[in-house]
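Listed below, chain by chain, are the residues.
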Amino acid sequence: MGEEVKQTTYGRAHRQEYRRKVQLCLDVFETMLAQSSFEFDRPLTGMEIECNLVDADYQPAMSNQDVLAAIADPAYQTELGAYNIEFNVPPRHLPGRTGLELEADVRASLNAAETKANAGGAHIVMIGILPTLMPEHLTGGWMSDSTRYAALNASIFNARGEDIQIDIAGPEPLSLNSPTIAPESACTSMQLHLQVAPSEFANNWNAAQVLAGPQLAVGANSPYLFGHQLWAETRIELFTQATDTRPDELKAQGVRPRVWFGERWITSIFDLFEENVRYFPSLLPEVSDEDPVAELAAGRTPQLSELRLHNGTVYRWNRPVYDVVKVDGLDRPHLRVENRVLPAGPTVIDMMANSLFYYGMLRTLSEEERPLWTKMSFAAAQKNFLAAARYGIAANLYWPGVGEVSTAELVLGKLLPMAYEGLTRWGVAADVRDRFLGVIEERAKTGRNGAVWQVSTVRALQERGMTRPAALAEMLRRYCHHMHTNEPVHAWDATTVR
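Notes on the structure in this doc start here.

About the thresholds
- In this convention, every chain numbers its residues from 1, walking through the sequence in written order.
- Local features in this predicted model are restricted to residues whose pLDDT is 70 or higher, and side-chain atom pairs enter the listing and the counts only when it is 80 or higher, whereas totals over whole chains, interfaces and linings include all residues.
- Excluded from the side-chain calculation are hydrogens and water; included are all heavy atoms of the structure.
- The helix count covers DSSP runs of H or I at least four residues long, the strand count covers runs of E at least two residues long, and both are numbered beginning at the N terminus.
- Restricting the calculation to C-alpha atoms gives the radius of gyration, and the globule rule supplies 2.2 Å times the number of residues raised to the power 0.38.
- Think of it in three bands: with a 1.4 Å probe and only protein chains considered, a residue is buried below 20% of the maximum accessible area for its type, exposed above 50%, and partly exposed in between.
- Here the Shrake-Rupley method, with its probe set to 1.4 Å, supplies the accessible areas, and only the displayed protein chains count as covering residues.
- Axis definition: a line fit to C-alpha positions, over the contact stretch in the case of helices; interaxial angles, taken between N-to-C directions, run 0 to 180 degrees.
- Roughly parallel means an angle under 35 degrees; roughly antiparallel, over 145; roughly perpendicular, 65 to 115; everything else is oblique.
- Two residues qualify as a contact provided that any one of their heavy atoms is within 4.5 Å of a heavy atom in the partner residue.
- When DSSP finds two or more bridges between a pair of strands, those strands are recorded as paired.
- Expected helix span is taken as 1.5 Å per residue step, with the number of steps being one fewer than the number of residues.
- Definitions used throughout: a 1 Å grid over protein atoms alone; a cavity as a set of points that fits a 1.4 Å probe which cannot get out; a pocket as an open set with protein on both sides within 12 Å along at least five of seven lines; a lining residue as one with an atom within 4 Å of a point.
- Grid points are joined across faces, edges and corners, and a volume is the space filled by probe spheres set on the points.
- Note on residue classes: Ala, Val, Leu, Ile, Met, Phe, Trp, Tyr, Cys and Pro are nonpolar, Asp, Glu, Lys and Arg are charged, and everything else, Gly too, is polar.
- Remark: nonpolar core denotes a set of buried residues (Ala, Val, Leu, Ile, Met, Phe, Trp, Tyr, Cys) joined through side-chain atoms within 4.5 Å.
- To pair, rings of Phe, Tyr and Trp, with the six-membered ring standing in for Trp, must have centres within 6.5 Å; the planes then decide the type, stacked if under 30 degrees apart, edge-to-face if over 60, and tilted in the middle.
- Should a side-chain nitrogen of Lys or Arg be within 4 Å of a carboxyl oxygen of Asp or Glu, the pair is scored as a salt bridge.

## Brief notes about the overall build of the protein chain
Then, in step 1: Of regular secondary structure, the protein chain possesses 16 helices and 15 strands.
Then, in step 2: Radius of gyration (C-alpha) of the protein chain: 22 Å, near the 23 Å computed for a compact globule of 498 residues.
Then, in step 3: Residues counted as buried form 59% of the 498 residues belonging to the protein chain.
Then, in step 4: When the accessible surface of the protein chain is summed, it comes to about 19000 Å², and 49% of that surface belongs to carbon and sulfur atoms.

## Thoughts on the packing of helix 1 (residues 12–35) against helix 8 (residues 269–279)
Then, in step 1: Between helix 1 and helix 8, the least distance of the axes is 11 Å, while the angle of their chain directions is 175°. Taken as axis vectors, helix 1 and helix 8 run roughly antiparallel relative to one another. Here helix 1 contributes Val22, Gln23, Leu26, Phe29, Glu30 and Leu33 to the contact with helix 8, which in turn contributes Ile269, Phe270, Phe273, Glu274 and Val277.

## Considering the environment of Phe226
Then, in step 1: Along the polypeptide, Phe226 turns up in the loop between strand 8 (224–225) and strand 9 (228–229).
Then, in step 2: The exposure class of Phe226 is buried, given its relative accessible area of 8%.
Then, in step 3: In the structure, Phe226 is positioned 209 residues away from Arg435 in sequence and 36 Å away in space, judged by C-alpha atoms.
Then, in step 4: In this view, Phe226 contacts Leu133, Met134, Pro135, Leu138, Leu174 and Leu176; residues no more than four positions away in its chain are not counted.

## As for the environment of Thr457
Then, in step 1: With respect to the element layout, Thr457 can be found in helix 15 (residues 450–463).
Then, in step 2: Remark: the alpha-carbon pair of Thr457 and Ala471, spanning 14 residues in sequence, is separated by 8.2 Å.

## Brief notes about the pairing of strand 14 (residues 396–399)
Then, in step 1: Residues Leu397 and Trp399 point to one face of strand 14 and are all buried, whereas Asn396 and Tyr398, pointing to the other face, are not buried.
Then, in step 2: Both strand 14 and strand 15 (residues 403–406) contribute to a ladder of four bridges, which runs antiparallel. By the bridge assignment, Tyr398 is partnered in strand 15 with Glu404.
Then, in step 3: Where strand 14 folds back onto strand 15 in an antiparallel hairpin, the turn is made up of three residues, including Gly401, whose phi is positive at roughly 85°.

## Things to note about helix 14 (residues 430–446)
Then, in step 1: Here helix 14 spans 24 Å end to end across 17 residues, near enough to the 24 Å set by a 1.5 Å rise per residue.
Then, in step 2: Here helix 14 has its buried residues at Val432, Arg433, Phe436, Leu437, Gly438, Val439, Ile440, Arg443 and Ala444.
Then, in step 3: Looking at the buried side of helix 14, the elements it contacts are helix 3 (98–118), helix 5 (198–219), helix 11 (348–366) and helix 13 (407–426).
Then, in step 4: Just beyond helix 14, the residue with positive phi is Gly447, at close to 70°.

## With respect to the environment of Asp163
Then, in step 1: By the element assignment, Asp163 lies in the loop between helix 4 (147–160) and strand 5 (164–168).
Then, in step 2: Among the residues examined, Asp163 registers a relative accessible area of 38% and is labelled partly exposed.
Then, in step 3: Non-local contacts of Asp163, meaning those with residues more than four positions away in its chain, are made with Phe157, Asn177, Ser178 and Pro179.

## Some details on empty space enclosed by the protein
Then, in step 1: Evaluated as defined, the whole model comprises two cavities of 30 Å³ or more.
Then, in step 2: Taken as a whole, the largest cavity holds about 140 Å³ of empty space.
Then, in step 3: What lines the largest cavity is Arg107, Leu110, Asn111, Glu114, Ile124, Met126, Thr347, Val348, Met483 and His484.
Then, in step 4: Going through the elements one at a time, helix 3 and helix 16 (468–485) are the ones with two or more residues in the lining of the largest cavity.
Then, in step 5: Broken down by element, the lining of the largest cavity gets its largest block of residues, four residues, from helix 3.
Then, in step 6: For the lining of the largest cavity, the class distribution of residues is five nonpolar, three polar and two charged.
Then, in step 7: A volume near 90 Å³ is recorded for the second largest cavity.

## Observations regarding the nonpolar core
Then, in step 1: Core analysis: the largest hydrophobic core is formed by 158 residues, its most contacted members being Ile49 and Phe357.
Then, in step 2: The element that contributes the greatest number of residues to this core is helix 11, accounting for 12 residues.
Then, in step 3: Apart from the residues within four sequence positions on either side, Phe357 is in contact with Val218, Val411, Leu415, Leu416, Ala419, Leu437 and Ile440.

## Details of the packing of aromatic side chains
Then, in step 1: What the rule picks out here adds up to 16 aromatic pairs.
Then, in step 2: For the ring pair Trp453 and Tyr479, a centre distance of 6.2 Å and an interplane angle of 55° mean the geometry is tilted. Taken as a pair, Trp453 in helix 15 and Tyr479 in helix 16 lie far apart in primary sequence, 26 residues in all.
Then, in step 3: Judged by relative accessible area, which is 0%, Trp453 ranks as buried.
Then, in step 4: Accessibility expressed as a relative area gives 0% for Tyr479, which makes it buried.
Then, in step 5: Ring plane angle 90° and centroid distance 4.9 Å describe the contact between Trp453 and Trp492, whose orientation is recorded as edge-to-face.

## Things to note about the pattern of salt bridges
Oppositely charged side chains are able to pair whenever their charged atoms sit close together.
Then, in step 1: For the structure shown, the criterion picks out 28 salt bridges.
Then, in step 2: Arg308 is the salt-bridge partner of Asp323, the closest N and O atoms lying 2.9 Å from each other. Note that Asp323 is positioned in strand 12 (residues 318–327) and Arg308 in helix 10 (residues 305–311), a separation of 15 residues in sequence.
Then, in step 3: The residue Glu367 makes a salt bridge to Arg425 at a minimum N-O spacing of 2.8 Å. Of the two residues, Glu367 is situated in the loop between helix 11 and helix 12 (378–391) and Arg425 in helix 13; the sequence distance between them amounts to 58 residues.
Then, in step 4: Arg425 sits in the partly exposed class, given a relative accessible area of 35%.
Then, in step 5: A single network of salt bridges, built from pairs that share partners, joins Asp244, Arg246, Asp248 and Lys251.

## What about the side chain of His482?
Then, in step 1: On the secondary structure map, His482 appears in helix 16.
Then, in step 2: Setting aside its immediate chain neighbours within four residues, His482 contacts Thr347, Trp453, Glu487, Trp492 and Asp493.

## Quick word on the pairing of strand 13 (residues 330–343)
Then, in step 1: Across the 14 residues of strand 13, 11 count as buried, placing the element largely inside the fold.
Then, in step 2: As judged from the seven bridges shared by strand 7 (residues 189–196) and strand 13, these two strands associate in the antiparallel manner. Within strand 13, the residue paired with His193 across the bridge is Glu338.
Then, in step 3: Pairing between strand 12 and strand 13: 10 bridges, direction antiparallel. From the neighbouring strand, Val325 faces strand 13, where its bridge partner is Arg332.

Shape is all these values report; function is a separate question.
Rendered as structure tokens:
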């Protein structure tokens, strides 16, 4: 959920002091990049999985406080909506058989959490957007009890000065106004973290931007919102619109959105933090007591609280992260690329396949002698990302040296060999590579990911006489059944109606 804050409203003096502190933190961060020893000798990977809660009828269950109390595990935390929870998977090293161990551990933890949630009548669902969620669910007590979320909601609307307009095209276009940021809570994702050295950050971030389109095309799992079939990964456009602080006039002036793909390749992580400070006003101007200049001068590691808080309110799809961790009892700074592209679900094996596909491709692409992004415009990478969000695995994507090709052709001909090579460089065991990348291969060959399965199942149910709401609930029931089998989505039967 991010760091909690102390208040929901802020005065002019708060904002002025916060701006000064953010700039001070940025200056200290620049010094640290040149002088400090960052922790990266044995890079860690991390994963966060945002989940939904439903009741026995597969409708949203606004009960995350009760569910979290029953789970009683600090790895599970609140998210924006009262029907959301987040599972923070402990960081791991990637080599060897870690992937299989992680798959088993994640399944065991989620199964234990599901059992405890069941005692209160709730079920946990991993899916990009809960298909049974309707506008009427996002009134009254939809928000988690959190000062941070209340402050964020207030700040976004203070900046906008008007209701949020949700306007999404697709087979069944959707248009509505929202007086709160509630629609944002519909977006549940899987976030992947990779710890990197300062000198390697730019190559890894640029590579992640190149890969965002193919990643999303293969993993799309959010075709429905409020009963409408929209994009294959509607979550991307919904999140962009639901947190937009700009009225139409500022959009027309070219003011950047807070949910941002970016606009250029970078040469340093500093480029991204500097852009965040230069382009985006504060949403949560919480001021700490730390003097980062004094901390650095004393040989200690500054927390850079204001810079980190500000960074957490600029929603890049690949976000730079500065963090401080304990190593042998000492505070050590480290840097991570946080990949926020993928939706949650459908199964643990699908999410593991998505993550190993990403880490493998990232390793190969970031280490190329002539980087791919020197042969590809940034605009082309963004165009791929939007095409993948809209059309999913049916998207045509641009790739240097190949031109515009189908997702399947790109995955099978270019990306899977790249992923195998990268995982080999990571030292991942052969059977682990084969298990998870085999899932990606079959997904590309069958053309079936979560979004395709959801749409074809709802269509089959409606053709047999169900209304759209009934078909969505029945589809979700079957989805949950398959989710617990851990059989990858490409093997799910979409047409048999039982």
